[in-house]
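Remarks on the overall topology
Below are the chains, spelled out letter by letter.
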Amino acid sequence: MRYAVADTGSNTIRLGVYDYENGQLKQLCNTAVFANLAGFIHDGVLTPDGICAAEAAIKKHQETAAEFGCRLNVFATAAIRNAVNTEEICNEIKMRTGAAVDVLTGEEEALFSFAGAAEDFPCADGVMADVGGGSSEVIVFSNKQPISTLSVPWGSLKAYKAFVSGSLPTEDEICAIQEAIAKAFAAQPRFCGVVRQNLCIVGGGVRASTKLAKIFLNETALTVQAVNKMLKMITENPEHSKNVIDQTTPKRALTIAPAMAIYSAVGAQFASEQIFVSDKGIKEGYILKKLL
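In short, a report on the structure. (Residues numbered from 1 in each chain as written. Predicted model: local features only at pLDDT ≥ 70, side-chain atom pairs only at ≥ 80, totals over all residues. Heavy atoms only, no water.)

Below, the discussion takes up the side chain of aspartate 19. Inspection of the secondary structure puts aspartate 19 in strand S2 (residues 13-21). Take aspartate 19: its relative accessible area is 13%, and that puts it in the buried class. Among the polar contacts made by the side chain of aspartate 19, one reaches the side chain of arginine 2 at a distance of 2.7 Å. Apart from the residues within four sequence positions on either side, aspartate 19 is in contact with Met1, Arg2, Gln24, Leu25, Lys26 and Leu28. (Helix = DSSP H or I, 4+ residues; strand = E, 2+ residues; numbered from the N terminus. Buried < 20%, exposed > 50% of the residue type's maximum accessible area, 1.4 Å probe, protein only. Polar contact = N/O pair within 3.5 Å; in protein donor to acceptor, adjacent residues only side chain to side chain. Contact = heavy atoms within 4.5 Å.)

Let us look at the nonpolar core. By size, the foremost hydrophobic cluster in this structure holds 49 residues, and its most contacted members are Phe185 and Phe270. The residues contacting phenylalanine 185, other than those within four sequence positions of it, are Val138, Leu150, Val152, Phe191, Val266, Gln269 and Phe270. Counting residues in each nonpolar core, the second largest holds 28 residues, with Ala54, Cys70, Ile80 and Ala83 among its members. (Core = buried A, V, L, I, M, F, W, Y, C linked by side-chain atoms within 4.5 Å.)

The end-to-end C-alpha distance of helix H1 (residues 48-67), which contains 20 residues, comes to 29 Å, matching closely the 28 Å that a straight helix rising 1.5 Å per residue would cover. Restricting attention to buried positions, one finds in H1 the residues Gly50, Ile51, Ala53, Ala54, Glu55, Ala57, Ile58, His61, Thr64 and Ala65. Buried-residue contacts for H1 involve strand S1 (2-8), S2, strand S3 (24-33), strand S5 (45-46), strand S6 (72-76) and helix H3 (86-97). A positive backbone phi angle near 80° is found at glycine 69, which sits one or two residues after H1. (Expected span 1.5 Å × (residues − 1).)

Taken across its 7 residues, S1 has 6 buried, putting it largely inside the fold. Across 7 bridges, S1 lies against S2 in antiparallel orientation. When the sheet's bridge partners are listed, valine 5 is paired in S2 with glycine 16. Remark: 4 residues form the turn of the hairpin made by S1 and S2, two consecutive strands paired antiparallel. (Pairing = 2+ DSSP bridges.)

This is how it looks when you write it as structure tokens:
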């Protein structure tokens, strides 16, 4: 059976096309449109231009899905979920494209990300973080089973817009991002004292961070310590850091440092040391949990 899904996020609308055979998903296509929906949100409302940006991306992905002989399934996360006019957005997209938008709750987003990525994790116990543009989904797991979830209302793009005044954050701005994450956990007593050595991260930001670790630190494995070292380098030598980031991951030039600040804060919360990266995540989990 073949499936196509579009993950409508705050920054990108990403398409995945998969074949499901013998209990496994095989990816056939993975492409994204940088729609920047968060940039079209004013006073909590996604503007008409933002709806048009979503429409254009979904139509493009529908064409690609049709080339693979399947129908596009569309789901949305924080940008549309948290908008004041969520119902209007979904109705307009449905009318213009024919696609019904499945707006996920924060808990669904976390659980689907975990379901898609868990088989890649080399550890039975740990904490997973899926850092998006508008929110970060966190799951504590034991024996590869989720035991506690939290949708943190800060993603890399939202944190950039709220806390960063220039291209890269200053030391004080990084601390402000980390404090916002710590405050979100402090409001949830069930996370107090929970320790997980292994931090498993999904999303494009962590792959970009791994590339930067090779350049900045000559390290092939990403760790919480390596993330903290890179954040320190960014604040101490912002001009050089900006040049490296612009050349290495230009599409994430503004959001990569806030993403790393979030990784650092989650790592600090759970006293994590190791970071494991999964290329799978919410798109695979959505198929496994909602479409099969």
